[in-house]
Every structure is written in structure tokens, then in C-alpha cells.
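# Results of the structural survey
Now for the letters of each chain:
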Amino acid sequence: MAMLLPWLLPACALGIWALLSLGGLAPSYLLPSPVEVLHTARDYIFAPPGSAPYAGRFVNDLLASLGRVGGGFALAVALGLPLGLLSGRLRFMRLFLDTFVNGVRAVPGIAWLPLALVWFGIGFKTTVFLVSLAAFFPIYLGAAAGAMQVNPLYLRAGAMMGLGRGRLIFTVLVPAAMPHVVTGLRLGLGISFAYLVLGELTGVPDGLGAAIMDARMLGRVDIIIMGILLIAVIGRLCDLAMVGGLKMFKSVRRLG
Amino acid sequence: MSTRAPRKANGACLQVRGLGKSFGVNGRRMSALEDISFEVRSGEVLGILGPSGCGKTTLLNIIAGFLPHDQGQVLMHGQTVTRPGPERGVVFQEDALFPWLTVAENVGFGLRNGDGRAGRRIKVERMLDLVGLEGFGSYLPSAISGGMKQRVALARVLVLQPAALLMDEPFAALDAQTRGDMHSLLISLQRQLQQTVVFVTHDPEEAVKLADRVLVMATAPGRLRQEHRVDLERPRQVDSAAFLEIKRAILDGLGGS
Ligand SMILES: Nc1ncnc2c1ncn2[C@@H]1O[C@H](COP(=O)(O)OP(=O)(O)O)[C@@H](O)[C@H]1O
Ligand SMILES: [Mg+2]
């Protein structure tokens with residue numbers, strides 16, 4: 001029962017979708033049936049490239065999208081994690097960073113799109129910029145909250161057992177802050193996919209976001225729906241992979 | 001095991017001289033400790049007794065190097081204490097084990113790579129045996145009782161062979177039975193290791209049961225008021241006439257002001 005529960009809601013959605021489309025309640029140019037979308041996906045993923053529009057584009061689109069998400073997310077981690085930990089631990093860093101970070105955070109990410117296009121043009125750089133900007137905040141805030149809530153006795157205990165500043169950070173501060181850090185990373189990765197699609201809607205030639213935007217012009221609702229489903233599945237898989245990878249840290253395995 | 005840190009037989013291990021400390025509270029300076037002076041000989045067990053809020057934790061934190069002080073000096077084997085270090089092992093009042101490490105990993109935490117992996121493991125296992133936790137090395141702190149946690153807390157500092165063991169009401173949160181077991185453990189460890197111990201308590205019976213010497217503190221500001229020697233064989237009978245006499249004298253000291 002507990003094994004099936006996570007799939008109940010997706011199954012219901014699939015059922016309603018099938019009922020609406022196959023039952024003729026929604027015309028197929030607005031809502032293609034699950035079977036049609038499945039065929040579209042088969043061609044998109046497996047057919048030889050060039051045999052039809054969209055045929056075999058999947059691998060290329062996927063790699064392009066993952067490159068942009070990966071680049072943007074990595075940048076957000078590289079900045080957000082250390083700055084977050086610092087501002088969570090040091091009062092002057094918090095005073096120094098908080099006003100600026102929260103001010104920038106108040107601007108919806110989409111408002112940066114025109115500026116990003118002017119600065120970076122259409123493509124990789126704009127998307128990476130948008131993704132890293134959006135993912136930075138949850139990562140920074142998670143690290144800051146985690147570092148702030150670390151039991152000060154743990155730091156004293158570490159110092160009392162002879163650890164210097166640097167080793168205290170890696171062997172006590174980060175592990176103790178880990179639950180919040182992981183939450184921030186997961187939220188950051190989730191929002192990375194949202195801004196990936198936004199960045200790819202601007203006319204780049206490849207990527208999952210580009211595929212669904214092109215499909216709108218061509219009236220291919222089946223491609224749009226397939227693209228949305230693929231993004232959902234890939235986003236979830238990336239989250240699972242990241243959480244799985246983080247399990248190499250004891251603090252993630254044991255404080256989870 | 002390697003030899004313990006060299007020390008002069010019966011020489012002063014720890015010296016506290018004219019120590020003063022105040023805190024800023026709501027813009028005012030509140031004096032927490034005033035003119036505290038005492039010495040602890042190597043191998044001695046010193047108990048510091050006082051009511052809640054008299055400054056016991058503050059005093060211990062200053063000796064440990066966690067807190068700066070305003071006046072006076074703290075010397076360890078003649079060297080001024082400026083920061084925490086493994087020669088002053090601390091057992092905290094609250095549970096301060098690392099919850100993401102197993103019991104064995106907690107005990108091995110402060111050991112240096114110099115011993116090698118195998119050497120560290122042997123030290124950890126010996127120490128676990130010594131505190132009566134053989135077989136519990138792979139448990140997480142969340143899976144063991146409060147008494148066992150304090151045994152781990154003791155083990156992780158004793159494995160570093162501290163010149164002085166500092167304990168802040170380490171058994172106050174335990175039930176009477178477990179506290180009694182911990183007292184016996186501490187007495188046997190202290191005898192085996194000739195460990196110098198400074199412990200803080202608000203319980204006169206605990207002080208007389210464990211200490212060679214008891215310093216009694218007064219509140220607001222925290223000062224030393226009296227010193228009592230306890231020249232009784234261990235383990236001590238808490239209902240013997242000699243024990244009760246010392247306890248009475250201490251209680252009288254605590255009561256009057
Ligand atoms: N960080 C602090 N800031 C202000 N006052 C403090 C601080 N730490 C302790 N005090 C005050 O100093 C006094 C002694 O506290 P403490 O050393 O914890 O006493 P004890 O451990 O004997 O119960 C108390 O009045 C307490 O309120
Ligand atoms: Mg206290």
C-alpha cells in the first residue's frame with residue numbers, strides 16, 4: 001500500500017487525461033491522448049534524427065539542458081554555500097550581506113531576463129545566469145539557517161579536542177548544518193529547472209525548453225505535453241541523484 | 001598507549017589567580033566572578049560547589065578557554081591559557097556528542113592521524129572498554145541512554161590524555177541509580193589514570209563523595225567562600241559519620257551568608 005501511494009495521484013491524473021481526450025470531451029488539437037503523446041515521445045527519443053520533425057532530438061536537447069542546469073547550479077552552489085555558512089556564523093557577514101541579498105531576492109527572476117539578453121545574448125550564458133541567480137537564494141538561505149542553528153556546544157567540543165578553525169568548519173560546522181544545507185540544495189535544484197525553461201524560451205536552438213516553445217509555433221500540443229512530462233521526470237531524477245550522491249556524507253545519511 | 005603528558009609529581013597542574021569576570025546585561029555590567037584564586041595539584045580531584053547561578057559554568061568555561069576573562073590569570077603548568085585545547089578535556093553539562101558520528105567515531109574524533117587508522121581504532125576500543133561501553137562502538141548517540149552518552153563524553157576526552165579533566169555538572173541530568181554508577185566509574189578511572197579532575201556541582205553529597213577538596217562558592221557575585229578537605233578512603237560511605245560531618249559543615253557554609 002505504502003509502495004503504491006506515491007503513484008496514486010499521477011495515475012488519477014492520467015485517468016482523467018485519458019477520459020477527456022479519448023472520450024471526445026476535448027478535441028485532439030488541444031489535448032492529444034496519452035497514446036498519441038507516447039508515440040510522439042518514442043519518435044522524439046528513439047527515431048533516427050531527420051526522419052521527421054523532432055525525431056531523435058531528445059539526447060541532444062537533454063545534454064544541452066543538463067549542461068545549462070549543471071553550469072548554473074554549480075555556480076550557485078560555489079557562491080551560495082560558502083557565503084551562506086559565513087553569514088550564518090559571523091554577525092558582520094550577516095549585516096554585510098543580508099540587505100543586499102534580500103533586496104535582490106525580492107526581484108522576480110524573470111525580471112532579469114531582458115537584462116540578461118542584452119548582456120549575454122541568446123543561449124548558454126543567459127540561461128546559466130538566470131539559473132544560478134535563481135538557485136543562489138535557497139542555497140544561501142539554507143546554508144545560513146543551518147550554520148546559525150548549529151549547537152554552539154559542538155563547536156566548543158571540537159575546539160576543546162584540538163581542532164583549528166579550518167578543520168572545525170569541515171568536520172563540525174558543515175555536518176551539523178547539513179539538514180538545512182540539503183534542503184537548500186534541493187530547493188535550488190528544483191528552481192534551476194524552472195529557470196532553465198525560462199532561459200530556453202528565448203529562442204535557443206536546442207534544449208527541452210526550446211523544444212516545447214518551438215512546438216507552440218508549430219501547433220504541436222503533443223510535443224508540449226511530452227516536454228512538460230519529460231522535464232518533470234528529469235527534474236525528479238536529478239533530485240534523486242543529488243540526494244543519493246550526498247549520502248556519501250555521514251551527516252546526510254544519519255541526520256536525514 | 002603512549003606515556004601521559006609529563007608533569008611534576010604533586011606540582012600545581014592548574015592555577016587560577018585573582019580571576020574576575022563581568023557580563024554586560026541591558027547596558028549594565030554584572031559581575032559574575034570576583035577574585036577567584038585556587039590551585040589544583042596533579043592527580044587531585046577538586047570539587048567546586050555552589051548554588052545555581054553562582055558562576056560555576058562561567059568559571060569552568062574560562063578555564064577551558066571558551067570565554068575571555070577581565071581580571072587575573074589562568075595558568076596550566078605555568079602557561080597562560082588563551083584558548084581551548086586537548087590538554088584540558090571538557091565534559092559538558094548538556095549532551096554535546098556529535099549526532100552524525102557513531103560512539104566509536106565520537107571517541108576517535110580528537111585523535112590525530114599520527115597514530116594511523118589501526119592505532120586509533122585500538123585506542124578507541126580500549127577507551128570504550130574502560131568506560132564500560134564495549135560493544136556499543138557502532139551505535140549512534142540517538143540510540144543510547146543519557147548515562148551512556150556521558151560515558152562517551154568522558155571517553156572522547158580521556159582518550160586524548162588531558163592534563164586536566166573539567167566537568168560541568170556532568171551527572172546532574174541523570175537518575176539517581178545511573179548517577180551512582182557514574183560516580184563509581186569516575187572514581188575507578190581517576191585511580192587508574194591518576195587523572196587531575198576539576199568538577200562543578202550543586203550537590204553537596206556528590207562533592208564530598210568524589211572530591212579530595214571542595215571549594216564552596218557564594219552567589220552574586222561568584223566568590224570562593226570556603227575550602228573543605230575530604231580525607232576519606234574511596235569508595236566513601238555516604239552514611240558514615242565522617243562523611244556526614246563534612247557534608248554538614250559544607251551545608252552550614254552554604255546556608256549562612
Ligand atoms: N553570556 C552571559 N551573558 C550574561 N550573563 C551571563 C552569561 N553567562 C552567564 N551569565 C550570568 O552569570 C551568572 C553565572 O552563570 P553560570 O556560570 O551559568 O552559573 P552556574 O553554572 O553556577 O549556574 C548568572 O547570573 C548568569 O545569568
Ligand atoms: Mg551551570
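Residues numbered from 1 in each chain as written. Chains lettered and ligands numbered in written order. Predicted model: local features only at pLDDT ≥ 70, side-chain atom pairs only at ≥ 80, totals over all residues. Heavy atoms only, no water.

### So, the sheet that holds strand E3 (residues 45-49) of chain B
Pairing between the strands of a sheet comes from backbone hydrogen bonds, and it takes one of two forms, parallel or antiparallel. All names here are of chain B. If you trace the six strands from one edge of the open sheet to the other, you get E6-E7-E8-E3-E9-E10, paired in mixed fashion. What marks the edges here is a single partner per strand, and that holds for strand E6 (88-91) and strand E10 (223-229). The average angle at which neighbouring strand axes cross in this sheet is 20°, direction not considered. Sheet topology note: the E3/strand E8 (residues 196-201) ladder contains five bridges and is parallel. Bridge pairing links Ile48 to Val200 in E8. In the packing of helix H7 (residues 241-255) onto the sheet, the strands contacted are E3, strand E9 (213-218) and E10, and the crossing angle to E10 comes to about 170°. (Pairing = 2+ DSSP bridges. Helix = DSSP H or I, 4+ residues; strand = E, 2+ residues; numbered from the N terminus. Axes fitted to C-alpha atoms, helices over the stretch in contact; angles between N-to-C directions. Contact = heavy atoms within 4.5 Å.)

### Observations concerning the interface of chain A and chain B
Quoted interface sizes are often the accessible area lost when the parts come together. Each partner contributes to the interface: chain A provides 20 residues, whereas chain B provides 27 residues. Taking both sides of the interface into account, the surface hidden between chain A and chain B amounts to around 2,000 Å²; carbon and sulfur atoms contribute 69%. Among the residues of chain A in contact with chain B, Arg156, Met160 and Met161 of chain A are the three that bury the most area, contributing 37% of the side total. Note that Glu105 of chain B is salt-bridged to Lys250 of chain A, the shortest N-O span being 3.3 Å. Taken together, the elements giving at least two residues each to the side of chain A that touches chain B come down to helix H7 (152-160), helix H8 (165-200) and helix H11 (250-255) of chain A. (Buried area = accessible area lost by both parts, 1.4 Å probe. Salt bridge = Lys/Arg side-chain N within 4 Å of Asp/Glu carboxyl O.)

### What about the site of ligand 1?
All names here are of chain B. The environment of ligand 1 is made up of Phe23, Val25, Ala32, Pro51, Ser52, Gly53, Cys54, Gly55, Lys56, Thr57 and Thr58. Within the contact set of ligand 1, an oxygen atom lies 3.3 Å away from a backbone nitrogen or oxygen of Cys54. Here Thr57 contributes a side-chain N or O atom positioned 2.6 Å from an oxygen atom of ligand 1. When residues of the shell around ligand 1 are traced back to their parent elements, those giving at least two are strand E1 (12-25) and helix H1 (56-64). Classifying every residue of the shell around ligand 1 gives five nonpolar, five polar and one charged. (Near = heavy atom within 4 Å. Polar contact = N/O pair within 3.5 Å; in protein donor to acceptor, adjacent residues only side chain to side chain. Nonpolar A, V, L, I, M, F, W, Y, C, P; charged D, E, K, R; others polar.)

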